[in-house]
Amino acid sequence: VRVSIVLEKAPVLDQGYSTMGLAANQQAAAYRQELLADQQAVTARISKVTGRELDVAWNLTLAGNIISANVRYGDMEKIAATRGVAQVVLETRYAPCVAEVGGNQPNMASATTMTGSNLAWLAGYTGAGSRIAIIDTGLDTDHQSMDNGAYLYALGEEADSLNLLGKEEIASVLPQLNIYKGYNDAAGAFVKDDTLTAEQLFVSEKVPFGYNYIDRDLDITHDNDNQGGHGSHVAGIAAANRYVPAGDGYESAAQAAHMTGVAPDAQLLVMKVFGKDGGAYDSDYMAAMEDAVLLDADVVNLSLGSANPGFTTSAYYQD
């Protein structure tokens, strides 16, 4: 079973550190390394008391000081009694949301006036310079509403003055991200530490970051699994471009495609948590959310496919 092993020391954010510019905060980084070192010590103790090496999925430190691991159900009480452990919680595994129900289709052409997005655009607020993390089933990267040329066309000369997430910033933050432990390459082989690069994670200026947290690889599309297109549905509502390709140029997305996102000029950080290996556990979401914070996401959208996400757990084991 997958469990969250919650440790006694307070996580980074409980120490009062701000999420703003967290990756550049040296004191926060030092405390995070302290937590990780403590997690390694606790991991060694757990491996000793259970008689097998702990199968660690994630080491989380920001919102929670948690070792996420796959363990034998019968070992949970031993783990909970280990020095340094506060409690052990069975993780919930989620199924993807359904993007369409029956014959109803979303109409974003009228939704913008209903939500007042058009008034925000008139005031100059189009999402330019903002970063939206979409933690979901991935993205149709070839969709016309995510066309990178159309995105850059919309930004025009303003692009140079915006705080756009790019390869250089990703490279500077990468060693702090949860995904830096390793990933699966195109052949399915697990590649160990410090080989993942900003160039691999960077899809385009519109989608500067893309990673598959459930399969641990770089495939963020819907092409190779049956988890559905809900991620594209949500990403479109949030930030579908205001222009789409037309011949050798671009035309209004509202007129041509009847679809414009609420913040069409925002960047999208695509964090796929449903894939070939099924649905995400609590810790998969938390790993993605922590990375979103370190990448200075302004908004994090996550879809759990549950009526009461985050408010129920299967069981608690406390000292």
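Source: prediction; values computed, not measured. (Residues numbered from 1 in each chain as written. Predicted model: local features only at pLDDT ≥ 70, side-chain atom pairs only at ≥ 80, totals over all residues. Heavy atoms only, no water.)

Undergrad: Help me get a handle on the overall build of the protein chain, residues and values and all.
TA: Of regular secondary structure, the protein chain possesses 10 helices and 13 strands. The proportion of buried residues among the 319 residues of the protein chain is 48%. Taking as baseline every contact in the protein chain between residues at least 6 positions apart, the subset at least 24 positions apart corresponds to 75%. For the protein chain, the computed accessible surface area is about 15000 Å², with 50% contributed by carbon and sulfur atoms. (Helix = DSSP H or I, 4+ residues; strand = E, 2+ residues; numbered from the N terminus. Buried < 20%, exposed > 50% of the residue type's maximum accessible area, 1.4 Å probe, protein only. Contact = heavy atoms within 4.5 Å. Areas by Shrake-Rupley, 256 points an atom, 1.4 Å probe, with all protein chains shown as cover.)

Undergrad: Summarise the sheet that holds strand β5 (residues 131–136); cite the residues concerned and give the values.
TA: Taken in spatial order, the 4 strands of this open sheet run β8-β11-β5-β12, and their pairing is parallel. Whereas interior strands pair on both sides, the edge strands pair on one side only; in this sheet they are β8 (209–212) and β12 (299–302). Each strand axis lies, on average, 15 degrees off the axis of its neighbour in the sheet, ignoring direction. The sheet contact formed by β5 and strand β11 (residues 267–272) spans 6 bridges and is parallel. Its bridge partner lying in β11, I135 is registered against M271. Running at roughly 160 degrees to β5, helix α8 (residues 230–239) makes contact with β5, β11 and β12 of the sheet. (Pairing = 2+ DSSP bridges. Axes fitted to C-alpha atoms, helices over the stretch in contact; angles between N-to-C directions.)

Undergrad: Outline the packing of aromatic side chains, supporting the account with residue identities and numerical values.
TA: A complete count under the given rule lists 6 aromatic pairs for this structure. Judged by centre distance (5.9 Å) and plane angle (35 degrees), the rings of W58 and Y213 are tilted. In this pair, W58 sits in strand β2 (residues 55–60) while Y213 sits in the loop between β8 and α8, placing the two residues 155 residues apart along the sequence. Summarising the burial analysis for this pair, W58 and Y213 share the class buried. Geometrically, the ring pair formed by Y94 and Y285 is edge-to-face, given 5.6 Å between the ring centres and 90 degrees between the ring planes. One end of the pair, Y94, is in the loop between β4 (85–90) and α3 (108–115); the other, Y285, is in helix α10 (residues 282–294), with 191 residues separating them in the sequence. Y94 gets classed as buried once you look at its relative accessible area, which sits at 9%. Y285 sits in the buried class, given a relative accessible area of 2%. Each member of the aromatic cluster is reached from another via a ring pair, and the members are W58, Y211 and Y213. A cation sits over an aromatic face here: R216 above W58, 3.6 Å from the ring centre. (Phe/Tyr/Trp six-rings, centres within 6.5 Å; stacked < 30°, edge-to-face > 60°. Lys NZ or Arg CZ within 6 Å of the ring centre and 35° of its normal.)

Undergrad: Give a detailed account of the environment of S252, specifying residues and quantitative values.
TA: Tracing the sequence through the fold places S252 in strand β10 (residues 249–252). S252 gets classed as partly exposed once you look at its relative accessible area, which sits at 24%. Leave out the neighbours within four places in its chain, and S252 touches R242, Y243, V244 and A257. One polar contact links the side chain of S252 to the main-chain amide nitrogen of A254, over a distance of 3.3 Å. (Polar contact = N/O pair within 3.5 Å; in protein donor to acceptor, adjacent residues only side chain to side chain.)

Undergrad: Account for the environment of V71, naming residues and giving values.
TA: Within the element layout of this structure, V71 appears in the loop between β3 (66–70) and α2 (76–80). Spatially, the C-alpha atoms of V71 and R52 are 9.4 Å apart, while their sequence positions differ by 19 residues.

Undergrad: Would you mind going over empty space enclosed by the protein in detail, with residue names and values included?
TA: Following the criterion strictly, the structure yields 1 cavity of 30 Å³ or more and no others. There is about 40 Å³ of room inside the largest cavity. In terms of residue count, helix α1 (residues 26–50) provides more of the lining of the largest cavity than any other element does, 3 residues in total. (1 Å grid on protein atoms, 1.4 Å probe; cavity = no way out; pocket = protein on both sides within 12 Å on 5 of 7 lines; lining within 4 Å. Points joined across faces, edges and corners; volume = space filled by probe spheres on them.)

Undergrad: So what's going on with unusual backbone geometry? Which residues, and what values?
TA: Notably, R216 is not glycine yet its phi reads approximately 55 degrees, a positive angle. Inspection of the secondary structure puts R216 in the loop between β8 and α8. Residue class for R216 comes out buried when judged on its relative accessible area of 17%. The phi torsion at H258 lies on the positive side, around 55 degrees, for a residue other than glycine. Structurally, H258 is set in the loop between α9 (253–256) and β11.

Undergrad: Quick one: what's the story with helix α5 (residues 148–155), residue by residue and with numbers?
TA: Within the span of α5, buried status applies to N148, A150, Y151, A154 and L155. All buried residues of α5 fall inside an arc of 160 degrees around its axis, so they share one side. Those residues of α5 that are buried are in contact with β9 (243–246), β10 and β11. Put simply, D147 is the residue that caps the front of α5, since its side-chain oxygen is 3.1 Å from the backbone nitrogen of G149. Looking one or two residues beyond α5, the residue adopting positive phi is G156, at roughly 60 degrees. (Arc of directions from axis to C-beta.)

Undergrad: Which residues make up the environment of I79, and what values do they have?
TA: Here I79 is to be found in helix α2. Considered as a pair, I79 and T50 are 29 residues apart in the sequence and their alpha carbons are 7.6 Å apart. The residues touching I79, leaving out its near neighbours within four places in the chain, are I5, I46, T50, V71, V85 and V88.

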